[in-house]
Amino acid sequence: MDDNSLHYLVEKIRIQAQITDLQELFPHKELGWIRDSQLLSMPICSQTMGLRKGSSQLIDVLKLMGGASLPVGRIYEGHVNALQLINVYADQEQKNTLFSDIINRQLLLGVWNTQQADGVVIRQIEEGKYRLEGCKTFCSGGHWIQLPMITGQLISKQTNGWQMCIIPLEKVKRISVDSSGWKPLGMRASASYKMDFTGIVIDRNDLIGQVSDYYRQPYFSAGALRFAAVQLGAVQMILQETHRFLKDSGRADDTFQKIRIAEMATLVETGNLWVSRATVLTDLWQGACRHTESLLAYVNMTRSVIAETCIRCMDLAERSVGISALMQPHPLERIHRDLTTYLKQPAPDAAVLSTGTYVLNQQDVNSMWADSDCSIRPC
Ligand SMILES: Cc1cc2nc3c(=O)[nH]c(=O)nc-3n(C[C@H](O)[C@H](O)[C@H](O)COP(=O)(O)OP(=O)(O)OC[C@H]3O[C@@H](n4cnc5c(N)ncnc54)[C@H](O)[C@@H]3O)c2cc1C
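Residues numbered from 1 in each chain as written. Predicted model: local features only at pLDDT ≥ 70, side-chain atom pairs only at ≥ 80, totals over all residues. Heavy atoms only, no water.

Visitor: How do you make sense of the domain arrangement of the protein chain when you look at a structure like this?
Guide: Domains assigned within the protein chain are domain 1 (3-111), domain 2 (112-214) and domain 3 (217-363). One C-alpha centre belongs to domain 1, the other to domain 2, and the line joining them spans 21 Å. Taken together, the contact pairs 25 residues of domain 1 with 24 residues of domain 2. Buried area between domain 1 and domain 2, both sides added, is near 2200 Å², and the carbon and sulfur share of it is 68%. In this structure, the connection of domain 1 to domain 2 is made through zero salt bridges. (Domains from an automatic or database assignment. Contact = heavy atoms within 4.5 Å. Buried area = accessible area lost by both parts, 1.4 Å probe. Salt bridge = Lys/Arg side-chain N within 4 Å of Asp/Glu carboxyl O.)

Visitor: Just checking my understanding: could you explain the site of the ligand for this structure?
Guide: Around the ligand sit 18 residues, and of these Arg74, Thr114, Phe138, Lys344 and Ala347 come closest. Contact distances for the ligand include 2.8 Å between an oxygen atom and a backbone N or O atom of Asn113. In this structure, Thr114 approaches the ligand through a side-chain N or O atom, which is 2.7 Å from a nitrogen atom. Against a free-state accessible area of 960 Å², the protein chains account for coverage of 58% of the ligand. At the level of elements, β3 (109-112) and α11 (348-360) are the ones that each hand at least two residues to the shell around the ligand. Residue composition of the shell around the ligand, by class: eight nonpolar, seven polar and three charged. The residues that make up the shell around the ligand include at least three from each of domain 2 (112-214) and domain 3 (217-363). (Near = heavy atom within 4 Å. Polar contact = N/O pair within 3.5 Å; in protein donor to acceptor, adjacent residues only side chain to side chain. Areas by Shrake-Rupley, 256 points an atom, 1.4 Å probe, with all protein chains shown as cover. Helix = DSSP H or I, 4+ residues; strand = E, 2+ residues; numbered from the N terminus. Nonpolar A, V, L, I, M, F, W, Y, C, P; charged D, E, K, R; others polar.)

Visitor: I would appreciate a short explanation of the nonpolar core in the present structure.
Guide: Core analysis: the biggest nonpolar cluster contains 90 residues, and Ile34, Leu39, Tyr76, Ile122, Phe197 and Ile238 have the highest contact counts within it. Once you skip the residues sitting within four places of it in the chain, Ile122 turns out to touch Tyr130, Arg131, Leu132, Gly152, Gln153, Leu154, Ile155, Gln163, Cys165, Ile202 and Leu207. One finds Leu51, Tyr89, Ile102 and Leu147 within the second-largest nonpolar core, a separate group that totals 22 residues. (Core = buried A, V, L, I, M, F, W, Y, C linked by side-chain atoms within 4.5 Å. Buried < 20%, exposed > 50% of the residue type's maximum accessible area, 1.4 Å probe, protein only.)

Visitor: Sorry, what's going on with a nonpolar patch on the surface here?
Guide: Taken together, Ile323, Leu326 and Met327 make up a surface patch of nonpolar side chains, about 300 Å² in accessible area. The class of Ile323 is exposed, set by a relative accessible area of 57%. (Patch = residues over 30% accessible without salt bridge, like charges linked within 9 Å, V, L, I, M, F, W, Y side chains within 5 Å.)

Visitor: How do you make sense of the pairing of strand β5 (residues 129-133) when you look at a structure like this?
Guide: Every other side chain in a regular strand lies on the same face of the sheet, so the side chains alternate between the two faces. Judged by which residues are buried, β5 turns out to be one-sided: Tyr130 and Leu132 face inward and are buried, whereas Lys129, Arg131 and Glu133, on the alternate face, are not. Sheet analysis places strand β4 (residues 121-126) next to β5, joined by five bridges and oriented antiparallel. Within β5, the residue paired with Glu126 across the bridge is Lys129. The antiparallel hairpin formed by β4 and β5 contains two residues in its connecting segment, where Gly128 sits at a positive phi of about 75°. With three bridges joining them, β5 and strand β11 (residues 201-203) adopt antiparallel strand pairing. Bridging from a neighbouring strand, Lys129 pairs with Asp203 of β11. (Pairing = 2+ DSSP bridges.)

Written out as structure tokens, the structure is:
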């Protein structure tokens, strides 16, 4: 997809986001346009039936999506997460089938790992057959996801443990949906419902990877770069909307407003530099599979910086714009609700702690991140 078409698509999504939010709808139109633009298969290389090497294009798309609509950004990020898990853990035959289905039919995927006490059990019932029991919570995309990747406790004759599986398209209709508990401050359009898988039977071929693969590093924690990119897109939009308001309302010459917008611009650019550097380090890791701990610490730092950037910029924007920033239909009101909600990502304290542990384990703090001797091999 060329840059002009991408920017046209993103602008359409940005305009529609306000309508979708006010009507508390699922972003059907937005996802339809994404499908029509073939963005659901954009990361797949059809020659190798694997994902393209290099993350910068994808990170840019995630940023643009986050700027246009955080619920759409969340759903697209979940789709990309599923593609990456398939790429890393599925065998080539599974990849051929799944990726060609996604290319040809623009199927929408999601990854649902979060659960409560009634979580998912994958119980072997006969050779090669498994019956699912239990529920997942915060399932973004809900019943609109066509190929959900879920995790659960595998109980079989051979092995027990945390296992990924894909619910095949023809069985998705049998998942029971509970939307009654989804009443968040923001992100309503992400339709992150509770889903009950009890009674669905899957085959050996629907299991992806081995037990415990889901939490393997750096794939598990370094994925935080993707949601940080979506959040960064939103905070960039906060800067844009604040800038627009100050100019349109004739308040741009005020000294206090200049100081606040200077801080916002500095923070947003700092965020961009962090995300860009983390993207380079991710690609270097993919090229050489070295310095895993360093990458994890770097991505954890990036995630924490972006979260603080978002919180500070929301505060600065509110002070600059005043009550209009908190009233519908101003876009800042929606972005504030959505971003406040989407900033709630798992274990933020643990991310900071793991960076501290990494830094204190180093002999030399001057060479903790550099890894320029590796090469990136494009697809
Ligand atoms: C809009 C939205 C969409 C989502 N979509 C999906 C999805 O599609 N798939 C999916 O799997 N999940 C999804 N989730 C769930 C998400 O991945 C997180 O699990 C969830 O948001 C965690 O939020 P939390 O603030 O409760 O995190 P927590 O990790 O519970 O953090 C809350 C606080 O508790 C602290 N803390 C964490 N663990 C401990 C501990 N053991 N002891 C003491 N303190 C602790 C943290 O540092 C933090 O201060 C979604 C969430 C949202 C908001």
